[in-house]
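As a plain string of letters, each chain reads:
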Amino acid sequence: MSRIGRMPIAVPAGVTVDIAENNKVTVIGPKGELVRVLPESMDIKKDGDEIIVTRPNDLKKNKALHGLTRTLINNMVVGVTDGYEKKLEVNGVGYRAQKQGKKLVLSLGYSHPVEMEDPEGIETVLDGQNLIIVKGIDKEKVGQYAAEIRSKRAPEPYKGKGIKYDYEVIRRKVGKTGK
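Residues numbered from 1 in each chain as written. Predicted model: local features only at pLDDT ≥ 70, side-chain atom pairs only at ≥ 80, totals over all residues. Heavy atoms only, no water.

## Here we look at the pairing of strand β6 (residues 50-54)
Stage number 1. The side-chain alternation of β6 yields one buried face, formed by Ile 51 and Val 53, and one unburied face, formed by Glu 50, Ile 52 and Thr 54.
Stage number 2. Alignment of strand β1 (residues 9-10) against β6, held across two bridges, turns out to be antiparallel. Note that in β6 the partner of Ala 10 across the bridge is Glu 50.
Stage number 3. The pairing of strand β5 (residues 43-47) with β6 spans five bridges and is classified as antiparallel. If you follow Lys 46 over to β6, its bridge partner there is Ile 51.
Stage number 4. Between β5 and β6, which follow one another and run antiparallel, lie two residues, and Gly 48 among them has a positive phi close to 70°. (Buried < 20%, exposed > 50% of the residue type's maximum accessible area, 1.4 Å probe, protein only. Helix = DSSP H or I, 4+ residues; strand = E, 2+ residues; numbered from the N terminus. Pairing = 2+ DSSP bridges.)

Below, the structure is given as structure tokens:
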């Protein structure tokens, strides 16, 4: 049995979980609502204030989907209660971030400022001029948007300039040596 798939998902107070036909799961909580259609082969049951995911048989595909399905539901429950956030740091001389309404304007050493519109359900907050916090209830969307921001100028190994995650460590290289 899948260790993760076997674990029950605790549903906190103030969160309602609805399991419709075709495994369409709707989770409503204090921060919002998330809907997702999960694999039909998995059996999702609500047992009091717990959700239990079981698989019909031990086929390789079902074993793989078992833990995934449980984790996706758990991420939805955590998202509507606490939400998710990713922190990005902008490093480099003259590199900075600004907020204009729902637009994130990045000065990254290009000839033009890079403008990014916040997607629906995602919010970017600036802490100073070089710390961007991406917040939202959908873990997948938060991670995707943070990755898109980082891709505008990924950190380089010589001076460490660029946009990096707050936990990321840039492996530095030694530059050229003159004679």
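So that's the structure; there's more coming.
## Focus: the side chain of Thr 26
Stage number 1. Take Thr 26: it is sitting in strand β3 (residues 24-29).
Stage number 2. Excluding anything up to four places from it in sequence, Thr 26 contacts Thr 16, Val 17, Asp 18, Glu 33, Leu 34 and Val 35. (Contact = heavy atoms within 4.5 Å.)

## Concerning the pattern of salt bridges
Stage number 1. If you walk through the whole model with that rule in mind, you get seven salt bridges.
Stage number 2. For Arg 55, the salt bridge is made with Asp 58, and the minimal N-O distance between the two is 3.1 Å.
Stage number 3. One salt bridge in this structure joins Lys 103 and Glu 115, with 3.4 Å as the shortest N-O distance. Highlighted residues: Lys 103 in strand β9 (residues 103-107) and Glu 115 in strand β10 (residues 114-117), separated in sequence by 12 residues. (Salt bridge = Lys/Arg side-chain N within 4 Å of Asp/Glu carboxyl O.)

## Considering the environment of Arg 70
Stage number 1. Within the secondary structure, Arg 70 is located in helix α2 (residues 60-81).
Stage number 2. Separated by 64 residues in the primary sequence, Arg 70 and Arg 6 place their C-alpha atoms 8.3 Å from one another.
Stage number 3. Apart from the residues lying within four places of it in its own chain, the contact partners of Arg 70 are Ile 4, Gly 5, Met 7, Pro 8, Ile 9 and Val 53.
Stage number 4. For Arg 70, the side chain forms a polar contact with the main-chain oxygen of Met 7, separated by 3.1 Å. (Polar contact = N/O pair within 3.5 Å; in protein donor to acceptor, adjacent residues only side chain to side chain.)

## Let's talk about the packing of aromatic side chains
Stage number 1. All told, the structure shown has one aromatic pair when counted by the stated rule.
Stage number 2. For the ring pair Tyr 165 and Tyr 167, a centre distance of 5.4 Å and an interplane angle of 5° mean the geometry is stacked.
Stage number 3. Exposure remark for Tyr 165: the relative accessible area of 14% places this residue in the buried category.
Stage number 4. Over the aromatic face of Tyr 165 sits the side chain of Lys 86, whose NZ or CZ is 5.4 Å from the ring centroid.
Stage number 5. Across from the ring centre of Tyr 110, 4.3 Å away, lies the NZ or CZ of Arg 153, which sits over that ring. (Phe/Tyr/Trp six-rings, centres within 6.5 Å; stacked < 30°, edge-to-face > 60°. Lys NZ or Arg CZ within 6 Å of the ring centre and 35° of its normal.)

Just geometry here; none of it tells us what the structure is for.
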